[in-house]
Amino acid sequence: MCRLNLNIPFTLGLLVFSFTLFPFKSAAEDYTTSFNALSAIWGASIGNQASSNYLLEAHSEDLDLGRNIYTLCIDPQWPPFDILSTDNQHKGIFSEYLSLIAHELDIEWQLIPTNSWSQTLRFFRQGKCQFISGLNATPEREQIMLFSDVFLSAPMVIISRQDQPYVANLHSLAGKSLASVSGYRIAKAIQHKYPMIDIVYVNSTQDALRAVSRNTAYATVGSIFGMSYNVDALQLNNLKIIGHTEFTGQYRIAMQKQLSPLLPTLNMAIATISEQQKNIIINRWIRFMDYENIDYTWVWWTIAITGILSLVLVVRYYSILSYSRRLVIANEQLRIANDEQETLMKMVSHQYRTPLAIIESGLRLLRAELTKTSHTANDRIAAMGRATKRMKETLSISLGELHLPNTSVYADNSERTILAEVLAQVVQQFRDQDTGVNVTIKGYTDVHIAMPSAELRCCLDNILSNAFKYSATSRNSDAGQSVSICCKSIDPEWLLIKVKDNGVGIPRTEHDKIFSKFYRAQNSAEFPGVGIGLAIVRQIVSKYGGMVYLNSQITNGCEFLLQLPINTTSSD
């Protein structure tokens, strides 16, 4: 905000401007409206020239009243946006934007140096700084700050090492570590929306990039401008962009709330910055490829080498063509083998279903005969009936999922299955087996899951089957044989189920393989199983947009995490 010395000529000019702004109102009403509007913009009090500007009076201790000077804090470790030079000068992209605004408003910025971003925020809360150069608005920050309009936007990208594959989104980083600066808005946003990502806090963007380069963190997230600049400045040639995020940096100027009359003027100054000026600032700080001073000798060498490579590619083409023909033959043989496997699975399914049907029928007859006998016998027969029914159901689902092709199209999620009921049925099934394993269930289970009850039961049955099986044979006698189930809501649309046992665990080197079909961990040879349960769980959960993964931070036993969709539609 500019401080105005209100003299008589200026007052007359202000009156003339007021009649220009409001030509359709009466003279008295026109004067009053224009006076109030301009007083709000400039903070001037025409009725009392001695006070001139209430903001300057309120902050007379912080300002030089002979000039329009306002105190400013920055993030001292955030190039290319904010850079604090060795002689305590403000440089960087935000510095150039602030210079344009200062020129437009005829004001000056007085830099208050800080050592870190946390100290900058502390100084602002203490009133030592009236403005902060550029940051994102959040509900938490809006409680203590007033924000200008956005003056710069930048997409947020995922940075990792050159040997890492590209990822579609942040969901792909589940169970991996991500370096981020403590106190930054993006770190809190990711931690809230993606709790399965392990956040590793560092002091600066440069420290985050170094952590990724040294393989102490898997990835980091930041604006494309800041990451491009710092990767080049630090010469971290082993890093690259592996994906994009749904987040965008919306950079604004923050100010003390008592300076609110300044906001309209500040926004008008921001609006005067042209796209050409913005492009000049970005191009000055972000390195681009230089096409000048080309040595044309190398151009001719390039043409010659290209010709030679073209000949090599022609020869290579015919070699690949021959290989492709052999590959077609191999694929046909594989298709025949898959057809034979499918036929075998159908035969096995039939062979299982027939005796199961006989057992189920016999149990009904036996229960009818023993109606008047002991309740214990009836309970046992009922448990056997439930187990037979679930076995038939699981067999149908499992055989179907083994032949389900991988697809990114999600299944219909209009189903409404109460988690508590299905979970109770599955747990009771294992309790009927008298395994001696202690089971605890806690958290939010009275929720409708957006998937069919049979498929939800199959997922929980496979996860809990492993937990009970390995916990029942656990050698950790001190801890006892136990399985814990914890359910909590991540947000209104997703539920997270944690199943932890104290069994033999899974070696870290095999964590990425256990969800493959027919794969079994090396330390599970003494336990029964064929290695398809977890593959079926992942296949079912993926159909509904969910996730299943292993917590890599657990050192004793295993902890599997299921992220399932919640049915948020009304039951009416």
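These numbers come from a predicted model, not from an experiment. Residue positions are given per chain, counting from 1 as you read along its sequence in written order. Selection of residues for local features in this predicted model requires a pLDDT of at least 70, selection of side-chain atom pairs for listing and counting requires 80 or more, and totals for whole chains, interfaces and linings are taken over all residues. Excluding hydrogens and water, the side-chain values take into account all heavy atoms of the structure.

What follows is about the overall build of the chain. Within the chain, the secondary structure is distributed over 16 helices and 19 strands. Per-residue accessibility, obtained with a 1.4 Å probe over protein chains only, is compared with the maximum for each type, and a residue is labelled buried under 20%, exposed over 50%, and partly exposed between these values. Across the 572 residues in the chain, those meeting the buried criterion constitute 43%. Across the chain, the fraction of contacts at a sequence separation of at least 24, relative to all contacts at a separation of at least 6, is 72%. With the model as given, the accessible surface of the chain reaches about 31,500 Å², and the carbon-plus-sulfur share is 55%. Secondary structure follows DSSP: runs of H or I at least 4 residues long count as helices, runs of E at least 2 residues long count as strands, and numbering of each begins at the N terminus. Should any heavy atoms of two residues lie within 4.5 Å, those residues are counted as being in contact. Residue burial considers only the protein chains on display, and all accessible areas are found by Shrake-Rupley using a 1.4 Å probe.

Attention now moves to the sheet that holds strand E17 (residues 494-501). Pairing between two strands requires that DSSP report at least two bridges joining them. Across the sheet, five strands lie side by side as E14-E16-E17-E19-E18; this open sheet has mixed pairing. Strand pairing shows two members of the sheet lacking a second neighbour, strand E14 (438-443) and strand E18 (547-550), which therefore form its edges. Taken over all neighbouring pairs, the strand axes of this sheet differ in orientation by 15° on average, direction set aside. Pairing between E17 and strand E19 (residues 558-565): eight bridges, direction antiparallel. Considered in E19, the bridge of Ile497 is made with Leu562. Helix-sheet contacts for helix H14 (residues 419-431) involve E14, strand E16 (482-491) and E17, and the interaxial angle to E14 is about 170°. Angular values range over 0 to 180 degrees, each being the angle between N-to-C directions of two axes fitted as lines to C-alpha atoms, with helices fitted over their stretch in contact.

Its place among the elements puts Asp82 in strand E3 (residues 82-84). Given the relative accessible area of 1%, Asp82 is considered buried. As for Asp82 and Ser133, which are separated by 51 residues in sequence, their C-alpha atoms are 7.9 Å apart. When near neighbours in sequence (up to four residues on either side) are disregarded, Asp82 contacts Ile74, Asp75, Pro76, His90, Lys91, Phe94 and Ser133. At a separation of 2.7 Å, a polar atom in the side chain of Asp82 contacts the side chain of His90. Any N or O atom pair separated by 3.5 Å or less is treated as a polar contact, with the protein-specific requirement of one donor-capable and one acceptor-capable atom, and with residues adjacent in sequence counted only for side-chain atom pairs. A polar atom in the side chain of Asp82 sits 2.6 Å from the side chain of Ser133.

Moving on: the pattern of salt bridges. Any two side chains of opposite charge can pair if their charged atoms end up close together. A pair is scored as a salt bridge if a Lys or Arg side-chain nitrogen falls within 4 Å of a carboxyl oxygen belonging to Asp or Glu. Scanning all chains against the criterion turns up eight salt bridges. A salt bridge links Arg335 to Glu332, with the nearest nitrogen and oxygen atoms 2.6 Å apart. Taken together, the residues span about one helical turn, with Arg335 and Glu332 both in helix H12 (residues 296-369) at a distance of three residues.

Only Phe, Tyr and Trp rings take part, Trp by its six-membered ring, and two of them pair if their centres are within 6.5 Å. Stacked means planes under 30 degrees apart, edge-to-face means over 60, and tilted covers everything else. This structure, assessed with the given rule, holds 15 aromatic pairs. Judged by centre distance (6.0 Å) and plane angle (75°), the ring pair of Tyr70 and Phe131 falls under edge-to-face. Here Tyr70 is found in strand E1 (residues 69-73), whereas its partner Phe131 is found in strand E6 (residues 131-135), with 61 residues between them in sequence. Of the two residues, Tyr70 and Phe131, both sit in the buried class. Residues Trp78 and Tyr184 carry aromatic rings whose centres are separated by 5.9 Å and whose planes lie at 55° to one another, so their mutual orientation is tilted. Residue Trp78 is found in strand E2 (residues 77-78), and its partner Tyr184 is found in the loop between strand E9 (177-181) and helix H7 (185-193); the two are separated by 106 residues along the sequence. Overall, the relative accessible area of 11% leaves Trp78 in the buried class.

Patch definition: residues above 30% relative accessible area lacking any salt bridge, with like charges linked at up to 9 Å and the nonpolar side chains Val, Leu, Ile, Met, Phe, Trp and Tyr linked at up to 5 Å. On the surface, Trp301, Ile305 and Leu309 cluster together into a nonpolar patch covering about 330 Å² of accessible area. On the secondary structure map, Leu309 appears in helix H12.

The antiparallel open sheet is built from three strands, whose spatial order is E2-E3-E4. This sheet does not close on itself; its edge strands, each paired only once, are E2 and strand E4 (90-91).

To continue, consider the state of the cysteines. Disulfide assignment relies on a single distance test, namely cysteine sulfur atoms paired within 2.5 Å. One pass over the structure, following the stated rule, counts one disulfide. The disulfide partner of Cys73 is Cys129, and the gap between their sulfur atoms is 1.6 Å. Residue Cys73 is located in strand E1, and its partner Cys129 is located in the loop between helix H5 (117-125) and E6; the two are separated by 56 residues in the primary sequence. Both residues of the pair, Cys73 and Cys129, count as buried. No disulfide involves Cys458; its nearest neighbouring cysteine sulfur is the one of Cys459, lying 5.9 Å away. Judged by its relative accessible area of 2%, Cys458 falls in the buried class. Cys486 carries a free sulfur, and the closest cysteine sulfur to it, the one in Cys487, is 6.6 Å from it.

Moving on, we get to the nonpolar core. Throughout, nonpolar core names a set of buried Ala, Val, Leu, Ile, Met, Phe, Trp, Tyr and Cys residues whose side chains join them through atoms within 4.5 Å. Formed by 84 residues in total, the largest nonpolar core has its most connected members in Ile93, Phe131, Leu152, Leu170, Ile190, Ile197 and Tyr251. Membership of the second largest hydrophobic core comes to 41 residues, among which are Val447, Phe468, Leu534 and Phe560.

Where E14 meets E16, six bridges bridge the pair, whose relative direction is parallel. If you follow Thr440 over to E16, its bridge partner there is Ser484. Pairing between E16 and E17: eight bridges, direction antiparallel. Paired with Cys486 across the strands is Lys498, a residue of E17.

A few words now on the confidence of the model for the chain. As a per-residue measure, pLDDT reflects the predictor's confidence and takes values from 0 up to 100. This prediction gives the chain a mean pLDDT of 77; 69% of its residues lie at or above 70. Here residues 1-66 scores under 50 on pLDDT; set against residues more than four positions off or in separate chains, the count is 87 contacts.

Strand direction decides the pairing type here: E9 and strand E10 (residues 198-202), joined by five bridges, are parallel. Directly across from Val181, in E10, lies its bridge partner Val202.

Contact geometry for helix H8 (residues 205-213) and helix H9 (residues 224-233): axes closest at 10 Å, N-to-C directions at 65°. By the angle between their axes, H8 is roughly perpendicular relative to H9. The hand of the H8/H9 crossing is right-handed. On the side of H8, the interface is formed by Thr205, Gln206 and Leu209, while H9 contributes Met227, Asn230 and Val231. Every angle not falling under 35 degrees, over 145, or within 65 to 115 is termed oblique; those three ranges are roughly parallel, roughly antiparallel and roughly perpendicular. Crossing handedness follows the turn of the near helix against the far one: under a right angle anticlockwise gives a left-handed crossing, and clockwise gives a right-handed one.

Its location among the elements puts Thr220 in strand E11 (residues 219-223). Judged by relative accessible area, Thr220 falls into the buried class, the value being 1%. Here Ala179 takes part through its backbone oxygen, which lies 2.7 Å from a polar atom of the side chain of Thr220. Each residue touching Thr220, except ones within four places of it in the same chain, is listed here: Val157, Ile158, Ile159, Leu178, Ala179, Ala208, Leu209, Val212 and Met227.

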